[in-house]
Amino acid sequence: MDKVKAALKSYTENAMKAKGKIHCSHTINEEHREVQCIEVMNSPSAMDNHIGHCFPSYVQLLGAGCVMEEINAIVDESEREWWAKSLSAWGAKKFCVTAALN
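Scope of this entry: the structure provided in the associated data block.

Criteria and cut-off values
- Residues numbered from 1 in each chain as written.
- Predicted model: local features only at pLDDT ≥ 70, side-chain atom pairs only at ≥ 80, totals over all residues.
- Heavy atoms only, no water.
- Salt bridge = Lys/Arg side-chain N within 4 Å of Asp/Glu carboxyl O.
- Helix = DSSP H or I, 4+ residues; strand = E, 2+ residues; numbered from the N terminus.
- Buried < 20%, exposed > 50% of the residue type's maximum accessible area, 1.4 Å probe, protein only.
- 1 Å grid on protein atoms, 1.4 Å probe; cavity = no way out; pocket = protein on both sides within 12 Å on 5 of 7 lines; lining within 4 Å.
- Points joined across faces, edges and corners; volume = space filled by probe spheres on them.

To continue, consider the pattern of salt bridges. Tallying each qualifying case throughout the model produces 5 salt bridges. The salt bridge partner of Lys-9 is Glu-13, with a shortest N-O separation of 3.4 Å. Residue Lys-9 and its partner Glu-13 are located together in helix α1 (residues 2–17), separated by 4 residues, close to a single helical turn. Using a relative accessible area of 40% as the deciding quantity, one classes Glu-13 as partly exposed.

So, on to the layout of surface pockets. What the largest pocket holds in volume is close to 1,300 Å³. Around the largest pocket sit 37 residues that line it, and Gln-36, Cys-37, Met-68, Glu-70 and Ile-71 are the ones nearest its centre. Counting residues per element, the ones that place at least two in the lining of the largest pocket are α1, β2 (34–41), α2 (44–63), β3 (70–75) and α3 (80–88). Looking at the lining of the largest pocket element by element, the count peaks at 8 residues for β2.

Following this line, the structure appears as structure tokens:
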């Protein structure tokens, strides 16, 4: 768990530096052994920036035994295909990208 906490701390610090990041919040639910992340970005460019900042820390999370179980994304309809392709790279077992209704 110490390696997971250290990797998540690094991931969070790097995520907060990503240009176009509106909000990010990460936690560990130790009872259920889950890392939970909420990310809000202002554009596809922000996601590209996020990947550049966070991927090394994500690899550390994987090395500490974490598995990407689920990604749920709500995006602008005109960007849905782009987001689906980009987010698929994280390897989530359950993966859902839907268009916002607003």
